[in-house]
Amino acid sequence: MNNLIFLFLKRIRLPLLLLITSYAVVILGFVLIPGRDDQGNVWHMSFFHAFYFVSFMGSTIGFGEIPYEFTNAQRMWTVFSIYITVTIWLYSIGAVLSTLQNPTFKKILRENEFRRKIRRIKEPFYLICGYGDTGKLLAHELAENHILSVVIDIDPERIDDLLINEPYVDIPALAGNASYPEVLEKAGLTKPDCRGVIALTNKDHVNLKIAIAARLLSKKRVIDDSDLMLVCRAESSDAEANMASFGTSHIINPYEVFARRLALSVRSPSAYLVYEWLTSVHYLDEDDNEDDISEGEDNQNKSDKTHLVREEPICPPKGLWVICGYGRFGKAVARHLNYVGIQTRVIEAMPELTHPPEGSIHGKGTEAITLREANITEAVAIVAGTDNDANNLSIIITAKDELKRVWQTRQQNRAFNSRYHLLVDDELQQEELAQEQHKLFTVARQNHSHNKDVFKQAELDFIMQPASIIAGEILSIIKTPMLDRFLSLARRQKDAWANLLISRISSFIEEDVPNTWMLEISEQQTPAVAYFLKQGTIMLDEMLRHPRNRDKSLNCVVLLVHRKISRLPNQKNRQSAPSKREHFKDYLLPEGDFEIQKGDQLLFCGDSESMNLMCWTVSNINVYNYLRTGYELPGGYVWQWIYKHKLLRQEKLYSQKESSGTKASIK
Amino acid sequence: MDFERVSFAFFIVFALTINFGFFAGDIDNPAHHHVMELYAAIIISLIATIIKLGDRTHIGSVLLATSLVADLHLLAAAFIWGYFQHVSDTGVTPDVMATIVSVSGGALIANITSVVLLVIETVVVRR
């Protein structure tokens, strides 16, 4: 604030000086110049009268000559004074206005406003460094989920962009270089409310600097998901290793993430679908929403909705894959595909820089001749992974055209052969094979989000958008930290397991993306469950019953139970070595008879209605009692007293039933 | 030699001297206190205030404060003079003149503080 006042004062110093000097001279002139009163005597204006006259002379000329009519000498001085004071007034007002319009002044004004906003923040927030495609998507999603974020970007234009993109949410934004620690500090890094720093700039070394600054500026805090989360985007493995070396909680390499997903989809399409369902961003364009409203009744159109989520699992073929571009993306894809046993062939424009494996083809991939050299007709899939969107599209289109051309010549050949009865059986089979292969699996890398529409039109099987990949990953980390754990466990499961999960989820998810949420069995989060846990064991099934009709169950499944294993028996040992590490046990897709313990963390997946109902049941003792026993608990003290006997009997019955049930099972 | 330093010191010292010129003399004798002197004191004091604006140092802000105090005193004195001369029927009697001069005495103290601070700053900087 002080900066602002001082800058302003400094700027208006000269105009003020000029104003005072001119007034001084003019007033002095009026006092010294002799005038005449109505009797014709020589009369000198007093300072009071002179100041009065000069004051209105500058602004509203025309009050007249007071208190007595002026002499010619006075009039001459008035003419001079008018021009002097009016000019200086105009200059002063202009100077003040231009100071207010000054970019530096505006910048300071904005920074002050930003600082005030940061100071007023009373809720947890995330610091997003870099408002590019990814930052934009992430900030939007966080705002949709009612999570506050603070944005820093080096480009002031992008900060202006934020105001246009998010008109309904007040996201504090600062134009500044995030690699300077003071900028990070200004943005509230050191505030205890800052829950995480997300470095999304497109330069690895800037992200690295942010990570280092975050680590050093908040020494008292633990770099961990529960305290201060540190998420970095990294594009090279060097930077990744460097970031990991000082405790960055999550490092997201978009190419690695995508390549891993692609490999997963090749190995197990169902597992990939689960992955996509759970991490997808609920991002819908406004145009698409309008479409949905106008064509809402048409079911056919509903399935065409441009969700980032597919209804059907995609099935990438196994065979030869052609990869165009062997940069960071191409390398990651090739490595992960080779890992799951897919043969790859690389086309690279600058082999001397990227060192592709032997047998690679030198060329851009945008010309038919290079593709022919790579035997595109034999390949089952093509990956366009250069850093140029136009080239990527061109590669895909050229490859498709090439296949079409080959297929057409073969058709002609066959027609020719059949006409002259030259057909051999072997050849026929081969040609039919070629006909089937006509469908080429296409994967393209989309570098810029503004090319979205073109890529959508290109009918690609798989589009790699770094922005939505990174945003999706980070969002799932922020919203449901357990999801990350679940997915890493799920990746190791077999296809059959994923199919089972899909059939369970898709039984109640119709068109929407499934919601995932997390509950911890504790007094704070689930008071009702904690209350009944003191009285006896609780099965997982019980929690999943519908609160309006306990015979039905909610539309959700439990994906994961995460349990802390306390090491109570050897307490001495624990005291002597107070290591912070606790032992965990994870139960993947637990069955209905799973016994819940206090402190368990549960990850659910289901529709949004179930999510709300579940929040109700686990916190309301009366509702939960209904789920447990089928009876409703009276609310007030009087009714509780009246029903006490009934309740006691009811509990007895329940315990008897349970004990008989366990006896039966023992037998 | 820096023109800014020269003008800075000039106006601060000038404000004091001219203020003293008005103050000096019998306190209730209108003949000893000329209206022109008060006018000059006000103008110089205002200019000194403007010159002090925008200095971010600690001593700079104290200097600005003393100057503002001097301005207030001198303007008050001018207002009293103008009121009794033109609005009230009494005119400028020795009583009124005593009031005006004593008020301007307050400004004199403020201006002395200003000059003392200036001298201290100069001694400390030693350049």
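These numbers come from a predicted model, not from an experiment. (Residues numbered from 1 in each chain as written. Chains lettered and ligands numbered in written order. Predicted model: local features only at pLDDT ≥ 70, side-chain atom pairs only at ≥ 80, totals over all residues. Heavy atoms only, no water.)

1. A word on the packing of aromatic side chains
All names here are of chain A. For clarity, the cut-off: Here is the rule: rings of Phe, Tyr and Trp (six-membered ring for Trp) pair when centre to centre is within 6.5 Å. Planes less than 30 degrees apart are stacked, more than 60 are edge-to-face, and the remainder are tilted. Only DSSP runs of H or I with at least four residues qualify as helices, and only runs of E with at least two residues qualify as strands; both kinds are numbered from the N terminus onward. Only protein chains enter the accessibility calculation, which uses a 1.4 Å probe; a residue is then buried when its area is under 20% of its type maximum, exposed when over 50%, and partly exposed in between.
Counting across every chain of the model gives 23 aromatic pairs over all chains. Centroid distance Trp 517 to Phe 604: 5.5 Å. Interplanar angle 15 degrees. Geometry classified as stacked. Residue Trp 517 is located in strand β15 (residues 515-520), and its partner Phe 604 is located in strand β20 (residues 601-606); the two are separated by 87 residues in the primary sequence. Classification of Phe 604 as buried rests on a relative accessible area of 0%. Relative to Tyr 624, the ring of Phe 532 has its centre 5.5 Å away and its plane inclined at 35 degrees; by these criteria the two rings are tilted. Of this pair, Phe 532 sits in helix α24 (residues 527-535) while Tyr 624 sits in helix α28 (residues 621-629); the two residues are 92 residues apart in sequence, bridging distant segments of the chain. Here Phe 532 matches Tyr 624 in class, with each residue buried. Grouped by ring-pair contacts, the aromatic residues Phe 30, Tyr 52, Phe 53, Phe 56 and Phe 70 constitute a single cluster.

2. Quick word on a positive patch on the surface
Heads up, the rule is: Every patch collects residues that have over 30% relative accessible area and no salt bridge, joining them within 9 Å if they carry like charges and within 5 Å if they are nonpolar side chains (Val, Leu, Ile, Met, Phe, Trp, Tyr). Every accessible area reported is derived by Shrake-Rupley at a probe size of 1.4 Å, with residue values counting cover from the shown protein chains alone. By definition here, a salt bridge exists when the distance from a side-chain nitrogen of Lys or Arg to a carboxyl oxygen of Asp or Glu is within 4 Å. Positive: Lys, Arg. Negative: Asp, Glu. His and the chain ends are not part of the count. Positions of charges follow a simple convention, taking NZ of Lys, CZ of Arg, CG of Asp or CD of Glu.
A grouping of Arg 115, Arg 116, Arg 119 and Arg 120 of chain A is seen on the molecular surface, where their side chains present a positively charged patch. Here Arg 119 of chain A shows up in helix α5 (residues 103-120).

3. A look at the confidence of the model for chain B
Rules: Each residue gets a pLDDT score, which is the predictor's confidence in that residue and runs from 0 to 100.
In the predicted model, chain B carries a mean pLDDT of 89, and 98% of its residues have values of at least 70. Per the prediction output, this complex has pTM 0.64; the corresponding ipTM is 0.78.

4. Quick notes on the interface of chain A and chain B
Accessible area lost upon the coming together of the parts serves often as the stated size of an interface. Filter applied, for reference: Two residues qualify as a contact provided that any one of their heavy atoms is within 4.5 Å of a heavy atom in the partner residue. Here the quantity called buried area is the accessible surface, traced with a 1.4 Å probe, that two parts lose on coming together, added over both. Put simply, Ala, Val, Leu, Ile, Met, Phe, Trp, Tyr, Cys and Pro go in the nonpolar bin, Asp, Glu, Lys and Arg in the charged bin, and everything else, Gly too, in the polar bin.
The interface of chain A with chain B comprises 20 residues on the first partner and 14 residues on the second. Summing both sides of the interface, chain A and chain B together bury roughly 1600 Å²; the carbon and sulfur share of this comes to 78%. Counting only elements with at least two residues in the side of chain A that touches chain B, the list comes to α1 (2-11), α2 (13-32) and α3 (47-59) of chain A. Among the elements that line the side of chain A that touches chain B, the one with the most residues is α2 of chain A, at 12 residues. Looking at side-chain class alone, the side of chain A that touches chain B contains 14 nonpolar, four polar and two charged residues.

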